[in-house]
Amino acid sequence: MWCWKKKSPLISEKSLPSVAEYILSEQCTKIVTMAGAGISTAAGIPDFRSPSSGLYAQLAALRLPYPEAVFDFDYFTQNPVPFFRICKEMYPKLKVKPTLTHYFIKLLDDKGLLLRHYTQNIDGLERKAGLCEDKLIQAHGTYETGHCLKCNKGYSLKWMETYVMSDTIPMCIACGALVKPDIILFGEGIPQRVVSKCRSDFRSCDLLLILGSSLTVEPIASFAGLVKKKCPRVLINRTPVQKRGFRFQNSDSRDIAWYGNSDEGCSTLALYLGWEKDLVKLMGNKK
Ligand code: OAD
Ligand code: ZN
């Protein structure tokens, strides 16, 4: 007779001690981390969608047709001024130190558990925390370099910064066309190389750790749906996220949510993992 036996989730309880126990078990050897703007707010970089403090809430003065237009490729080519105004505000903020969360991700790597870190952030703080090129996917690109939209000549942040900080639109010295920082704007699409790497990473990981993201922007948000059916998905975020396919409330699901600041969530997790000293040392080394 066919007997349907309910399989229990790999993490026994929806709590950080249980998550830590799973991370230390033999079943968990490959972790994918996925981050959004929430992991950098403690460093003074605003996120996008938090009411009042988020970037989109602060854009009224720029008279955009809608807040996200500032990161829209077509809008940028017609009117790059609002985008470069944001860059002018962001450039000084890029000099800040990474947060505890960035170092926690690096610590997962040092412990040999990090398969890959996917970030939607363009602030480069993961790299500053010491994460190497091979472990880091900056899915929405970076402020650190730029290219001419016509002849593709490359430019450094330093070169672009000189123009942007003096309210001048950077134009290519070779052909005179518009230079765009290598941020992936809405309408540009994520590079195919990122999408295919993502497919294989997410399908093979043993744990997905989502940190500081509202999970509203595609295709990144839906990558979380690619993991194996039993693969635990742990969200550490200040506020609940409304993403179809997640069942955080369901007691027997593999989805676990911890609500609060990511630095607090990650330091608590480090404590349960017995890695508190390692984390402090890692952060100290980078000061
Ligand atoms: P959002 O601003 O949409 O979401 C940030 C999330 O982080 C929110 O749910 C906050 O509650 C949470 N948060 C804020 N501070 C936190 C903290 N200290 N600890 C934990 N959680 C915190 O940012 P993203 O999800 O990153 O795209 O947005 C994705 C994309 O939307 C961005 O990459 C950007 C934007 O349009 C482009 O620029 C192309
Ligand atoms: Zn050019």
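Counting from 1, residues in each chain are numbered in the order their sequence is written. Starting at A for chains and at 1 for ligands, labels are handed out in the order in which the entities are written. Note on the predicted model: pLDDT of at least 70 is required for a residue's local features to be given, and 80 or more for side-chain atom pairs to be given and counted; whole-chain, interface and lining totals, by contrast, use all residues. Working from all heavy atoms in the structure, the side-chain values ignore hydrogens and water.

It is worth spelling out the site of ligand 1 at this point. Around ligand 1, 24 residues are found, and the nearest of them are Arg 49, Tyr 56, His 140, Ser 214 and Thr 239. Between ligand 1 and His 140, the relevant distance is 2.7 Å, taken from an oxygen atom to a side-chain nitrogen or oxygen of the residue. Polar contact criterion, stated in full: a pair of N or O atoms within 3.5 Å, where within protein one must be able to donate a hydrogen and the other to accept it, and residues adjacent in sequence count only if both atoms are side-chain atoms. Backbone polar atom of Ser 262 to a nitrogen atom of ligand 1: 2.8 Å apart, as the coordinates give it. Here ligand 1 loses 97% of its free accessible area of 790 Å² to cover by the protein chains. Here the residues of the shell around ligand 1 are counted per class, giving seven nonpolar, 14 polar and three charged. Any residue with a heavy atom lying within 4 Å of a molecule or strand is counted as near it. Method for areas: the Shrake-Rupley scheme with a 1.4 Å probe, in which residue coverage is limited to the protein chains shown. Each residue receives one of three labels: charged for Asp, Glu, Lys and Arg, nonpolar for Ala, Val, Leu, Ile, Met, Phe, Trp, Tyr, Cys and Pro, and polar for the others, Gly being one of them.

This part takes up the sheet that holds strand 4 (residues 141-148). Two strands form a pair only when DSSP identifies at least two bridges running between them. Per the convention used, a helix needs a DSSP run of H or I reaching at least four residues, while a strand needs a run of E reaching at least two, with both numbered from the N terminus. Judged by pairing direction, the sheet is antiparallel, and its three strands sit side by side in the order 5-4-6 without closing on themselves. At either margin of the open sheet sits one strand with a lone partner, and together these are strand 5 (154-156) and strand 6 (179-183). Across this sheet, the average inter-strand angle for adjacent strands is 40 degrees, counted without regard to direction. As defined by bridge partners, strand 4 adjoins strand 6 across four bridges and the pair is classed as antiparallel. Paired with His 147 across the strands is Lys 180, a residue of strand 6. Packing against the sheet, helix 3 (residues 81-93) makes contact with strand 4 and strand 6, and its axis sits at approximately 60 degrees to strand 6. In this analysis an axis means a line fitted to C-alpha atoms, helices contributing only their contacting stretch, and an angle means the value between N-to-C directions, from 0 to 180 degrees. Whether two residues touch is decided by their heavy atoms; if any such pair falls within 4.5 Å, the residues are in contact.

Taken together, Cys 148 (SG), Cys 151 (SG), Cys 172 (SG) and Cys 175 (SG) make up the protein donors of the zinc ion (ligand 2), found 2.3 Å from the metal. Donors, by definition, are the N, O and S atoms found within 2.8 Å of a metal, the threshold being 3.2 Å for Na, K and Ca, and water is not counted, so a site can look incomplete. All geometry calls rest on donor angles, where a four-donor set with angles between 85 and 135 degrees is tetrahedral, four- and six-donor sets with opposite donors more than 155 degrees apart and all others between 65 and 115 are square planar and octahedral, and all else is irregular. The site at the zinc ion (ligand 2) holds four donor atoms, and with the angles between them running 97 to 119 degrees, its shape is tetrahedral. In the primary sequence, the donor residues of the zinc ion (ligand 2) line up as C-x2-C-x20-C-x2-C. With Cys 148 in strand 4 and Cys 172 in the loop between helix 6 (157-164) and strand 6, the pair connects residues that are 24 residues apart, well separated along the chain. Burial classification: accessible surface area is computed with a 1.4 Å probe over protein chains only, and a residue below 20% of its type maximum counts as buried, one above 50% as exposed, and the rest as partly exposed. On the basis of relative accessibility, which here comes to 3%, the residue Cys 148 falls in the buried class.

What follows is about the sheet that holds strand 2 (residues 114-119). With respect to topology, six strands assemble into an open sheet ordered 3-2-1-7-8-9, the strand pairing being parallel. The open sheet terminates on both sides in strands that have one partner only, identified here as strand 3 (136-138) and strand 9 (255-259). Across the sheet, the axes of successive neighbouring strands diverge by a mean angle of 15 degrees, strand direction being ignored. Pairing geometry for strand 1 (residues 31-35) and strand 7 (residues 207-211), over five bridges, is parallel. Paired with Ala 35 across the strands is Leu 211, a residue of strand 7. Relative to strand 2, helix 7 (residues 192-204) is tilted by about 130 degrees, and along the sheet it contacts strand 1, strand 2, strand 3 and strand 7.

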